[in-house]
Structure formats: C-alpha cells, structure tokens
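# Observations on the three-dimensional arrangement
Now for the letters of each chain:
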Amino acid sequence: MKPQQPLPAETIEDEIQEDHLRLAVLLDQIEDDLDERLPAGGRIAQLVLEFEQHAVREEKALAGIANADHAEHRQGHDRMRALLRQLAEDYDNGADIRPNLHAVLRLFTDQLLPADAIFISR
C-alpha cells in the first residue's frame, strides 16, 4: 500500500472550514431540539460521527506539518471525544444534557476553533 499524498493546503482549509460549519449547525440543531422537546439522539449520534471524521482528517494533516508539536491540538480532540461520549451517554440515560452541551460548545469555540487556525490562511 503506497502512502497517501498530502492534500493541497487549499483543500485541507476548505474541508476544515466545512467541518466547522457542519459541527456548528449540528450543535445549534441539538439546542433547538432540546428547546422544542424533540428527540435529539439522532443529531447527537451524527455530531459524534462528524467530529470523529473531522478529528481524524485534522490529525492526518497535522502529521504532515513538519517541525511542530501538535500534542495539545490532539489532546483537544481527545477532550472533545470524551465530552461527546458523555453527552450521548447522558442523553441515552435521560439526564439533562444542557450542562454538557454547553461544555462542548465552550471547548469547540474557545479552544478547538482557535487551534484550527493553523490550517486557515484567510
């Protein structure tokens, strides 16, 4: 199996920006579902999946950036994975997920989005 060629910077940038938009929309839709007392399990499952795909894509791109330590970036992904697992578990158990959802939003906006600036040139 031959190694994958790194994607051009513009492609990575576009994909990451699209990921951010999809994740933000899902988070917003989950909040709306909760406000309207609608089932949110499907959107939560989609959020977990979308974030995992995003994190894997970013971690592959990070591996292609030489001379940099990206452990903190990867740790942010691990923190988000743990929060999302807890969010899904709490939802499945009928617990109030709003505090955890707010923690997810804070991590996303305060840490993960700023850390992703490494991929965004604009």
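In short, a report on the structure.

What counts, and where the lines are drawn
Residues numbered from 1 in each chain as written. Predicted model: local features only at pLDDT ≥ 70, side-chain atom pairs only at ≥ 80, totals over all residues. Heavy atoms only, no water. Helix = DSSP H or I, 4+ residues; strand = E, 2+ residues; numbered from the N terminus. Buried < 20%, exposed > 50% of the residue type's maximum accessible area, 1.4 Å probe, protein only. Lys, Arg positive; Asp, Glu negative; His and termini not counted. Salt bridge = Lys/Arg side-chain N within 4 Å of Asp/Glu carboxyl O. Contact = heavy atoms within 4.5 Å. Axes fitted to C-alpha atoms, helices over the stretch in contact; angles between N-to-C directions. Parallel < 35°, antiparallel > 145°, perpendicular 65-115°, else oblique. Nonpolar A, V, L, I, M, F, W, Y, C, P; charged D, E, K, R; others polar.

### Details of the side chain of Asp90
Inspection of the secondary structure assignment puts Asp90 in helix H3 (residues 71-92). Buried charged residue Asp90 carries no salt bridge. Nearest counter-charge: Arg85, at 11 Å. Not counting residues within four places of it along the chain, the set of residues in contact with Asp90 comprises Ala95, Ile97 and Asn100.

### Some details on the environment of Ile12
With respect to the helices and strands, Ile12 occurs in helix H1 (residues 9-35). On a C-alpha basis, the gap between Ile12 and Ala61 in space is 7.5 Å, while along the polypeptide they are 49 residues apart.

### Notes on the packing of helix H2 (residues 41-63) against H3
The N-to-C vectors of H2 and H3 enclose an angle of 170 degrees; their axes lie 10 Å apart at closest approach. Considering the angle they form, H2 stands roughly antiparallel to H3. Mapping the contact onto sequence places Gly41, Ile44, Leu47, Val48, Phe51, Glu52, Ala55, Val56, Glu58, Glu59, Leu62 and Ala63 in H2 and His73, Arg74, His77, Met80, Arg81, Leu84, Leu87, Ala88 and Tyr91 in H3. Taken together, the residues of the contact of H2 with H3 sort by class into 13 nonpolar, three polar and five charged.

### What about unusual backbone geometry?
For Arg37, which is not glycine, the phi torsion reads 55 degrees and is therefore positive. Along the chain, Arg37 falls in the loop between H1 and H2.

### Notes on the pattern of salt bridges
Applying the stated criterion across every chain, the model contains nine salt bridges. Taking the shortest distance from any N to any O, the salt bridge between Glu50 and Arg22 comes out at 2.8 Å. Here Glu50 is found in helix H2, whereas its partner Arg22 is found in helix H1, with 28 residues between them in sequence. A salt bridge links Asp33 to Arg43; the nearest nitrogen and oxygen atoms lie 2.7 Å apart. Taken as a pair, Asp33 in helix H1 and Arg43 in helix H2 lie far apart in primary sequence, ten residues in all. Residue class for Asp33 comes out buried when judged on its relative accessible area of 7%.

### Details of the environment of Leu112
Position of Leu112 relative to the elements: it lies in helix H4 (residues 98-115). Take Leu112: its relative accessible area is 5%, and that puts it in the buried class. Sequence separation between Leu112 and His77 is 35 residues, and the spatial gap between their C-alpha atoms is 7.7 Å. When sequence neighbours within four positions are dropped, the list of residues in contact with Leu112 reads Phe51, Gly76, His77, Met80 and Leu107.

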